[in-house]
Amino acid sequence: MTYSQWFIFFLVIQVLHFLGTWKLYVKAGRKAWEAAVPIYNGIVLMQIINRPKWWIVLLFIPVINLLMFPVIWIETIRTFGFYKKLDSLLVLLTLGFYIFYINYATDATYNTNRSLKPRSEVGEWVSSITFAIIAATFVHTYFMQPFTIPTSSLEKSLLVGDYLFVSKFHYGARVPSTVIAAPMVHDSLPFTGTASYLKKPQLPYTRLPGLQKIKNNDIVCFNWPADTLATMWGDNSGKFTYKPVDKKTNYVKRSVGIAGDSLEIRDGYVYINGIKNDLPYRGKLQFYYTYEAKKPIDRNTYPKFLLNKGRTGVYKILTKLWIDERIQEAIKQNGNLSKIGEDSLYTEVAGGVNQDFAQKIKMISVDTKININMTEEEVEKLKKNPLTLSVIKVNHAPDNAIFPHIESNQWSQDNFGPIYIPKAGSTVKIDTKSLPYYKQIIKNYENNDLAVNGDAIYINGEKADSYTFKQDYYWLVGDNRHNSLDARYWGYVPFDHVLGKPVMIWFSWDANAPTFGAKLKSIRWDRMFTTVHGDGEPVSYRYFVFTLIALYIGWSFYRGKKVKK
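Thresholds applied
Residues numbered from 1 in each chain as written. Predicted model: local features only at pLDDT ≥ 70, side-chain atom pairs only at ≥ 80, totals over all residues. Heavy atoms only, no water. Axes fitted to C-alpha atoms, helices over the stretch in contact; angles between N-to-C directions. Helix = DSSP H or I, 4+ residues; strand = E, 2+ residues; numbered from the N terminus. Parallel < 35°, antiparallel > 145°, perpendicular 65-115°, else oblique. Left-handed = near helix turned anticlockwise from the far one by under 90°. Contact = heavy atoms within 4.5 Å. Nonpolar A, V, L, I, M, F, W, Y, C, P; charged D, E, K, R; others polar. Buried < 20%, exposed > 50% of the residue type's maximum accessible area, 1.4 Å probe, protein only. Arc of directions from axis to C-beta. Core = buried A, V, L, I, M, F, W, Y, C linked by side-chain atoms within 4.5 Å. Phe/Tyr/Trp six-rings, centres within 6.5 Å; stacked < 30°, edge-to-face > 60°. Lys NZ or Arg CZ within 6 Å of the ring centre and 35° of its normal. Pairing = 2+ DSSP bridges. Patch = residues over 30% accessible without salt bridge, like charges linked within 9 Å, V, L, I, M, F, W, Y side chains within 5 Å. Areas by Shrake-Rupley, 256 points an atom, 1.4 Å probe, with all protein chains shown as cover. Salt bridge = Lys/Arg side-chain N within 4 Å of Asp/Glu carboxyl O.

## Some details on the packing of helix α1 (residues 3-27) against helix α6 (residues 98-105)
Logical step 1: At a minimum axis separation of 8 Å, α1 and α6 run at an interaxial angle of 40°. Overall, the two elements α1 and α6 adopt an arrangement that is oblique. Pair α1 / α6 crosses with left-handed handedness. Contact residues: α1 offers L16, L19, G20, T21, W22, K23 and L24, while α6 offers I99, F100, I102, N103 and Y104.

As structure tokens, then:
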């Protein structure tokens, strides 16, 4: 829906409000016309039901208003003497239209001095929980959102099992486009897996002013532009589906390229405007390296320093072993396989070598070569290992899956570009050769009608040889370069897909631990309440936070005792 359509919808709501409440306004000692004036009628209604005037603001905040309208309906009917549970149920089931019945078909009496205190303990609980949900939803939507790291694409910077606080206000809080959605969940309801939202109606894209702009190498949370999964994570249905932007799968990557940059990848390293991109200290760039040992690789000869806590080890079993019966048996029995290629078998394991899996496939007979995901520092250390014969960086072949999917480019995830990252207001020439780079932007991200007839390109029915971009775009990739689904495969990320900026890790454990007990033992205390960005080694503020929590609990207990006394 456009802003004009929403304005018309707003006026319709005002008319319905007037028709359904004007008699009640009169019974409350107000004028009938006061029920017809937009916004003012809400302020008057707050006075009638004896609630704060600022509540009217909540009725205009998307998502929050869905929670507030039922509260206002119930407060209204109770102000005029309808306290029964059936009355509350009817006003909810009829989406407020039960008030029409009260307005025209009953002799409702205005209760000037109605007590605002719930009449039962259950009512007290319902009231407290309702406003707790409203407050939490407001914070979650417009200020700070919890976020989980489910993959290893930013391994070492952010680990699988890190729980983040993502700031919405750094880049400007995005007003939800999906106006009818369950609070505090993303795209699916817990346990049921069904959609948590309605695709229509949709608000036009709107964003509040931010404190800063995205800079090179910022870690950014965003909605995956290429997402067609029915639900975020765990969707193995293979069915494609359309999702609104704010309900697409949440991703977190590093913004190596920002709007206006020229970007190129050489041998896996990113170059911005011709200069090699250096990650901040906490950013640990990693690649696969083929490690060849002087002896067969097993649990005893595997380099011990690569078993450090939080590390993800990735191994490759050579093609000639793919048909080995032991491998096939292991595939059937072991559920820890994350990727099976046509020419190799990968297992992704948190915390180093998976000894159980290694034993099942009898790794001692897998020969002396294995692929290991490492930083440059780890590579240099491995080269000095007495059992090392060689350490060679893996170089991927050209792949048509690489953006913009032009086979003649012969680009790969290690060698790519250069490309231009569009900036709002900038103009590029458009022809059949350059169109693949910007087709997705013109047609899907900026909602133009695009048609190609031979060598002629038509945008919104007019022949075009250039295009001016409406918003900024970013190039978001993982530090774990050979184990990251990122912009190299699906291209630019529009600013309207940006969710926020991760600011703190509030909890961390090994999410892949087999049992809850093992998860508890794997808690990474040194990562709790550490900042995501910043220079130098991360510093945990957990003791400071725990102290504040303890003081708050003590103060609340003392206050409760004092009030009771």
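Let's pick the thread back up.
## Focus: the packing of α1 against helix α2 (residues 40-48)
Relative placement of two packed helices is described by the angle separating their axes and the distance separating the axes.
Logical step 1: Running from N to C, α1 and α2 point in directions that differ by 35°, and their axes come no closer than 12 Å. You can see that α1 and α2 cross each other, and the crossing is left-handed. Every residue of α2 that contacts α1 at Q14, H17 and Y25 is listed here: N41, V44, L45 and I48.
Logical step 2: Looking at the contact of α1 with α2 residue by residue, the class counts come to 4 nonpolar, 3 polar and no charged.

## Describing α6
Logical step 1: Taken residue by residue, α6 has Y98, I99, I102 and N103 as its buried positions. Buried residues of α6 fall within an arc of 145° about the axis and therefore sit on the same side.

## What about the nonpolar core?
As a rule of thumb, soluble globular proteins bury nonpolar side chains together.
Logical step 1: If you look at the biggest cluster of nonpolar residues, it comprises 42 residues, and the most contacted ones within it are L263, F416, Y438, W475 and Y492.
Logical step 2: Per element, the largest residue contribution to this core is 6 residues, and it comes from helix α11 (residues 435-445).
Logical step 3: Counting 37 residues, the second-largest nonpolar core is a separate cluster that includes I56, L58, F80 and I134.

## Some words on the packing of aromatic side chains
Logical step 1: Summed over all chains, the structure comprises 38 aromatic pairs.
Logical step 2: Note on F403 and Y492: the rings are 5.4 Å apart at their centroids and 80° apart in plane angle, and the pair reads as edge-to-face. Highlighted residues: F403 in the loop between β15 (388-393) and β16 (416-420) and Y492 in the loop between α12 (487-490) and β23 (493-494), separated in sequence by 89 residues. Y492 carries the same exposure label as F403, and that label is buried.
Logical step 3: Sitting over the face of the ring of F495, R207 holds its NZ or CZ atom 4.3 Å from the ring centroid.

## Observations regarding helix α10 (residues 376-383)
Logical step 1: Taken together, the buried positions of α10 are occupied by E378, V379 and L382. What you see down the axis of α10 is that its buried residues fit within an arc of 105°, all on one side.
Logical step 2: Summarising the contacts, the buried residues of α10 are in contact with β10 (286-293), β14 (369-375) and β15.

## Regarding the environment of L263
Logical step 1: Inspection of the secondary structure puts L263 in strand β7 (residues 262-266).
Logical step 2: In this structure the C-alpha to C-alpha distance between L263 and N277, which are 14 residues apart in sequence, comes to 9.8 Å.
Logical step 3: With residues up to four places along the chain from it excluded, the contact list for L263 reads V256, G257, V270, Y271, I272, F416, G417, P418, I419, I421 and W475.

## As for the pairing of strand β2 (residues 162-167)
Logical step 1: With 5 bridges joining them, strand β1 (residues 144-148) and β2 adopt antiparallel strand pairing. By the bridge assignment for β2, T148 is matched with Y163.
Logical step 2: Where β2 and strand β24 (residues 498-508) come together, 6 bridges link them in antiparallel fashion. Paired with F165 across the two strands is M504, which belongs to β24.

## Focus on a nonpolar patch on the surface
Logical step 1: On the surface, W525, Y543, F546, I549, Y552, I553, W555 and Y558 cluster together into a nonpolar patch covering about 950 Å² of accessible area.
Logical step 2: By the secondary structure assignment, I553 is in helix α14 (residues 542-564).

## Section: the pattern of salt bridges
Logical step 1: As enumerated under the stated definition, the model contains 11 salt bridges in all.
Logical step 2: A salt bridge links E34 to R30; the nearest nitrogen and oxygen atoms lie 2.9 Å apart.
Logical step 3: Taking the relative accessible area as the measure of exposure, E34 reaches 5% and is therefore buried.
Logical step 4: Judged by its relative accessible area of 27%, R30 falls in the partly exposed class.
Logical step 5: Taken together, the salt bridges that share partners define one network made up of D162, R524 and R527.

## Details of the sheet that holds strand β8 (residues 269-272)
Consider a sheet: its strands pair through backbone hydrogen bonds, and that pairing is either parallel or antiparallel.
Logical step 1: Strands sit in the order β9-β8-β7-β16 across an open sheet of 4 strands; the sheet is antiparallel. Of all the strands in the sheet, just β9 (275-276) and β16 have a single pairing partner and so form its edges.
Logical step 2: Of the strand pairs in this sheet, β8 and β9 are connected by 2 bridges, and their pairing is antiparallel. Paired with I272 across the two strands is I275, which belongs to β9.

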